[in-house]
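The lines below spell out each chain.
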Amino acid sequence: MNVDLVVVGSGFFGLTVARQCAEDLGKKVLVIDRRHHIGGNAYSEAEPETGIEVHRYGAHLFHTSNERVWEYCNRYTKFTDYVHRVFSIYQGEVFPLPVSLATINQYFRKALSPTEARALVAEQAGEIDTATAENFEDKAISLIGRPLYEAFFRGYTAKQWQTDPRELPGATVTRLPVRYTYDNRYFNDTYEGLPVDGYTAWLERLADHPNIEVRLETDFFDASQEVSKTNVLGNVPVIYTGPVDTYFDNAEGELSWRTLDFEQEVLPVGDFQGTSVMNYAEEGVPYTRIHEFRHFHPERDYPNDKTVIMREFSRFATSGDEPYYPVNTAEDRRKLLAYRDLAKQEKGVLFGGRLGTYKYLDMHMAIGAALSMVDNKLTPHFRDGAAFTSGGVEA
């Protein structure tokens, strides 16, 4: 195996590391992935009946305020001027999200000014002291008040986590954004858009370098394959982006994850819901949201008599499921500390990406973290001869 680096996983983190090492450091990089396609969960493909690009593992919306990441991404793709907006159906009525002045006035059937809306929400939130709120429900009510919480967050959260919000820790609520303007742009970042030619084309360009080889349907844990943990470890430096607990054969116990299920349907209408993402806030509706992919690229010439929708369901991941979101309970944190210590003891392995570090990373965060790993770990090793220090798992 005549390579300088093996990267396990062909998502944004792995391919960014591979490209930087191949292009800037002149190293031969082998990227492997157990799936039949490149790109990890960012993979997209054209639905064959309609030609509409579908995000196979749920909607991916690119946004960032990181100048370096934005400049880096623009080397491999141009972006549309798409601006993400989300709406939610509650009791048969459509409301804009995040909660804004429009949401507040529509929900309470008023015409409040920003100052009046702030006062109303503060009064309702005063029911519970934020400092003493211990569970998700109490914490949320202390931030936005009971009426808005019960309309837009209680049912959605219960479905998202399959747990009564009163049993979720208050620390789960980092913030519940409320805007006292009519701005309903979902993200606040400086840059936003979707790749003009789609995610798969972008990822393929990242991998398109003479020093990079990509092998699909290659399982790192299958000892019968040439590029496996058994054959590679200790011989070639490894960047591992799969689940950290899987790497160690769950030696410290399985980490808990949320996973997603999808129901895709082609409908004989030109437009099903008029927007790319519609949330369903009530518990009586089993799915959390519906994506309609034609709205991600209104500039494209899609058919006007058919559309593709995808219903999204959330549940706890079990063995064999694709992990999406780290649950991050206190018990998970304890296990992660143990895995961090094991990771440091490995020979020539760096852990990265959402799965490898057990962190929720948006695409721009994964790309930024990959660039930092190259700067701080791989460049000193390959260019300056510094020792290769294993690790990368934090807790």
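What counts and how
- Residues numbered from 1 in each chain as written.
- Predicted model: local features only at pLDDT ≥ 70, side-chain atom pairs only at ≥ 80, totals over all residues.
- Heavy atoms only, no water.
- Axes fitted to C-alpha atoms, helices over the stretch in contact; angles between N-to-C directions.
- Helix = DSSP H or I, 4+ residues; strand = E, 2+ residues; numbered from the N terminus.
- Parallel < 35°, antiparallel > 145°, perpendicular 65-115°, else oblique.
- Left-handed = near helix turned anticlockwise from the far one by under 90°.
- Contact = heavy atoms within 4.5 Å.
- Nonpolar A, V, L, I, M, F, W, Y, C, P; charged D, E, K, R; others polar.
- Buried < 20%, exposed > 50% of the residue type's maximum accessible area, 1.4 Å probe, protein only.
- Polar contact = N/O pair within 3.5 Å; in protein donor to acceptor, adjacent residues only side chain to side chain.
- Core = buried A, V, L, I, M, F, W, Y, C linked by side-chain atoms within 4.5 Å.
- Pairing = 2+ DSSP bridges.
- 1 Å grid on protein atoms, 1.4 Å probe; cavity = no way out; pocket = protein on both sides within 12 Å on 5 of 7 lines; lining within 4 Å.
- Points joined across faces, edges and corners; volume = space filled by probe spheres on them.
- Phe/Tyr/Trp six-rings, centres within 6.5 Å; stacked < 30°, edge-to-face > 60°.
- Lys NZ or Arg CZ within 6 Å of the ring centre and 35° of its normal.
- Salt bridge = Lys/Arg side-chain N within 4 Å of Asp/Glu carboxyl O.

Further remarks concern the packing of helix α3 (residues 101-108) against helix α4 (residues 114-125). Here α3 crosses α4 at 70 degrees, and the two axes come no closer than 11 Å. Here α3 lies roughly perpendicular to α4, going by the angle between them. Pair α3 / α4 crosses with left-handed handedness. Contacts between α3 and α4 involve Leu101, Ile104 and Phe108 on the former and, on the latter, Pro114, Ala117, Leu120, Val121 and Gln124. Of the residues contributing to the contact of α3 with α4, the split by class is 7 nonpolar, 1 polar and no charged.

A few words now on the side chain of Thr307. Following the sequence through the fold, Thr307 ends up in strand β14 (residues 307-316). Under the relative-accessibility criterion, Thr307 is labelled buried at 0%. Within the structure, Thr307 has its side chain in polar contact with the side chain of Glu292 (distance 2.7 Å). The contact partners of Thr307, leaving out residues within four places of it in the chain, are Ile52, Glu265, Val266, Leu267, Val269, Gly270, Phe272, Glu292 and Arg294.

What follows covers the nonpolar core. The biggest cluster of nonpolar side chains holds 107 residues, and the ones touching the most others in it are Val17, Phe62, Trp202 and Leu378. The element that contributes the greatest number of residues to this core is helix α12 (residues 363-384), accounting for 9 residues. Setting aside anything within four residues of it in sequence, one finds Trp202 in contact with Phe12, Phe62, Cys73, Tyr76, Thr77, Phe79, Pro195 and Ile367. Counting 8 residues, the second-largest nonpolar core is a separate cluster that includes Ile89, Met278, Ile309 and Phe313.

What follows covers the sheet that holds strand β16 (residues 349-351). A sheet is described by the order of its strands in space; here 5 strands give the open sequence β9-β2-β1-β10-β16, paired in parallel fashion. With one partner strand each, in any of the chains shown, β9 (212-215) and β16 form the two edges of the open sheet. Taken pair by pair, the neighbouring strands of this sheet meet at an average axis angle of 20 degrees, ignoring direction. In terms of strand pairing, strand β2 (residues 29-32) meets β9 through 4 bridges, oriented parallel. Within the sheet, the bridge partner assigned to Ile32 lies in β9 and is Arg215. Along the sheet face, helix α1 (residues 12-23) touches β1 (5-8), β2, β9 and β10 (238-240) and points at about 165 degrees away from the line of β2. The sheet contacts of α12 involve β1, β10 and β16, and relative to β16 the element is tilted by about 170 degrees.

There is about 360 Å³ of room inside the second largest pocket. Looking at the second largest pocket, it is lined by 20 residues, and the ones nearest its centre are Phe351, Thr357, Met373, Gly392 and Glu394. At the level of secondary structure, the elements contributing two or more residues to the lining of the second largest pocket comprise β16, α11 (353-357) and α12. Of all the elements, α12 adds the most residues to the lining of the second largest pocket, at 5 residues. Across the lining of the second largest pocket, the residue classes break down as 7 nonpolar, 9 polar and 4 charged.

As a further point, take the environment of His295. Position of His295 among the secondary structure elements: in the loop between β13 (289-292) and β14. Along the sequence, His295 and Ile52 sit 243 residues apart, while their C-alpha atoms lie 9.8 Å from each other. With residues near it in sequence (within four places) discarded, His295 still touches Tyr82, Asp271, Gly274, Thr275 and Ser276. Within the structure, the side chain of His295 is placed 2.8 Å from the side chain of Asp271, a separation counted as a polar contact.

Geometrically, the link from Leu97 to Pro98 is a cis peptide bond, its omega value of -5 degrees lying close to zero. Among the structural elements, Pro98 can be located in the loop between β7 (93-97) and α3. For Gln162, which is not glycine, the phi dihedral falls at a positive 50 degrees. Gln162 gets classed as partly exposed once you look at its relative accessible area, which sits at 46%.

In total, this model carries 36 aromatic pairs according to the counting rule given. Relative to Tyr339, the ring of Phe248 has its centre 5.8 Å away and its plane inclined at 20 degrees; by these criteria the two rings are stacked. Linking Phe248 in the loop between α9 (244-247) and β11 (257-267) with Tyr339 in helix α10 (residues 330-345), this pair joins segments that are 91 residues apart in sequence. Across the pair, Tyr339 and Phe248 agree in class, each one buried. An aromatic cluster is present here, built from Phe12, Phe62, Trp70, Phe79, Tyr191, Tyr199 and Trp202 joined pairwise through their rings. In this arrangement the basic side chain of Arg35 is found over the ring face of Tyr57, its NZ or CZ atom lying 4.3 Å from the centre. Of note, Arg258 hangs over the ring of Phe316, and the distance from its end group to the ring centre comes to 4.3 Å.

We now examine the pattern of salt bridges. Applying the stated criterion to the full structure yields 27 salt bridges. Put simply, Arg34 and Glu322 hold a salt bridge, and the shortest N to O gap is 2.9 Å. Highlighted residues: Arg34 in the loop between β2 and β3 (44-46) and Glu322 in the loop between β14 and β15 (325-326), separated in sequence by 288 residues. On the accessibility criterion, Glu322 (21% relative accessible area) is partly exposed. Between Glu49 and Lys306 there is a salt bridge, with its nearest N and O atoms 2.9 Å apart. Of this pair, Glu49 sits in the loop between β3 and β4 (53-55) while Lys306 sits in the loop between β13 and β14, and the two are 257 residues apart along the sequence. Several salt bridges share partner residues, and in doing so they unite Glu137, Arg154, Asp164, Arg166 and Glu283 into one network.

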